[in-house]
Amino acid sequence: MNTIKSEIVQRLEIIPDDKLREVLSFLNYLVWQTENSRTQEDTDWLESDLSGLDNYEPYEWQEGELQEGLPVKFVSETGKIEIGL
C-alpha cells in the first residue's frame, strides 16, 4: 500500500462512527466522478448564476420525462449532497 493510502487508512481509524457514513458518501462521489467525466456543458451549467431561479414557475415534469438515475440526498445541516446511497 502506498503512503497516501496508508495515511487515509490511519485517519479512518480515528473518525467517529457517526461520521463514517459521510466519509463513505464522499468516497462514493469520488468514484462516481472518476467514472463520469464532466463535459463542458456540465461545467457551464454548474458555474452559471442561479440566483434568479425564484423568478420562474416550478417545472411540472410530464410522465416518462424523468429517467431513473443515481439517488441523491441533500443534507441541509452540512449543505452537502449525498450521491448513490
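Calculation notes
Residues numbered from 1 in each chain as written. Predicted model: local features only at pLDDT ≥ 70, side-chain atom pairs only at ≥ 80, totals over all residues. Heavy atoms only, no water. Patch = residues over 30% accessible without salt bridge, like charges linked within 9 Å, V, L, I, M, F, W, Y side chains within 5 Å. Areas by Shrake-Rupley, 256 points an atom, 1.4 Å probe, with all protein chains shown as cover. Salt bridge = Lys/Arg side-chain N within 4 Å of Asp/Glu carboxyl O. Helix = DSSP H or I, 4+ residues; strand = E, 2+ residues; numbered from the N terminus. Buried < 20%, exposed > 50% of the residue type's maximum accessible area, 1.4 Å probe, protein only. pLDDT = per-residue confidence, 0-100. Phe/Tyr/Trp six-rings, centres within 6.5 Å; stacked < 30°, edge-to-face > 60°. Lys, Arg positive; Asp, Glu negative; His and termini not counted. Charge placed at Lys NZ, Arg CZ, Asp CG, Glu CD.

S.K.: When you look at a nonpolar patch on the surface in this model, what are you seeing that I'm missing?
M.R.: On the surface, Trp45, Leu46, Leu50, Leu53 and Tyr56 cluster together into a nonpolar patch covering about 600 Å² of accessible area. Residue placement: leucine 53 occurs in the loop between α3 (40-46) and β1 (72-75).

S.K.: How do you make sense of the pattern of salt bridges when you look at a structure like this?
M.R.: Should their charged atoms come close, side chains of opposite charge can pair. One pass over the structure, following the stated rule, counts two salt bridges. Its salt-bridge partner being lysine 80, residue glutamate 22 comes within 3.1 Å of it at the nearest N-O pair. Note that glutamate 22 is positioned in helix α2 (residues 20-35) and lysine 80 in strand β2 (residues 80-83), a separation of 58 residues in sequence. Glutamate 22 gets classed as partly exposed once you look at its relative accessible area, which sits at 29%.

S.K.: Honestly, the confidence of the model for the protein in this entry has me stumped. Any pointers?
M.R.: Regions with low pLDDT should not have their predicted coordinates read in detail. For the protein, mean pLDDT is 86; residues scoring 70 or higher make up 99% of the total. Element-level mean pLDDT values for the protein span from 84 in β2 up to 93 in helix α1 (residues 3-14).

S.K.: Honestly, the packing of aromatic side chains in this entry has me stumped. Any pointers?
M.R.: Two descriptors summarise a pair of aromatic rings, namely the distance from one centre to the other and the angle between the planes of the rings. As enumerated under the stated definition, the model contains three aromatic pairs in all. Aromatic pair phenylalanine 26 and tyrosine 29: ring centres 6.4 Å apart, planes at 35 degrees, arrangement tilted. With a gap of three residues between them, phenylalanine 26 and tyrosine 29 both fall in helix α2, about one helical turn apart. The class of phenylalanine 26 is partly exposed, set by a relative accessible area of 48%. Residue class for tyrosine 29 comes out partly exposed when judged on its relative accessible area of 25%. Ring pairs connect the aromatic residues Phe26, Tyr29 and Trp32, which therefore count as one cluster.

S.K.: Would you mind going over the environment of asparagine 55 with me for this structure?
M.R.: Looking at the element boundaries, asparagine 55 is found in the loop between α3 and β1. Residue class for asparagine 55 comes out exposed when judged on its relative accessible area of 65%. Distance from asparagine 55 to threonine 78, taken between C-alpha atoms, is 26 Å for residues 23 residues apart in sequence.

S.K.: Hey, could you run me through a negative patch on the surface in this one?
M.R.: On the surface, Glu41, Asp42, Asp44 and Glu47 cluster together into a patch of negative charge. If you trace the backbone, aspartate 44 turns up in helix α3. Take aspartate 44: its relative accessible area is 45%, and that puts it in the partly exposed class.

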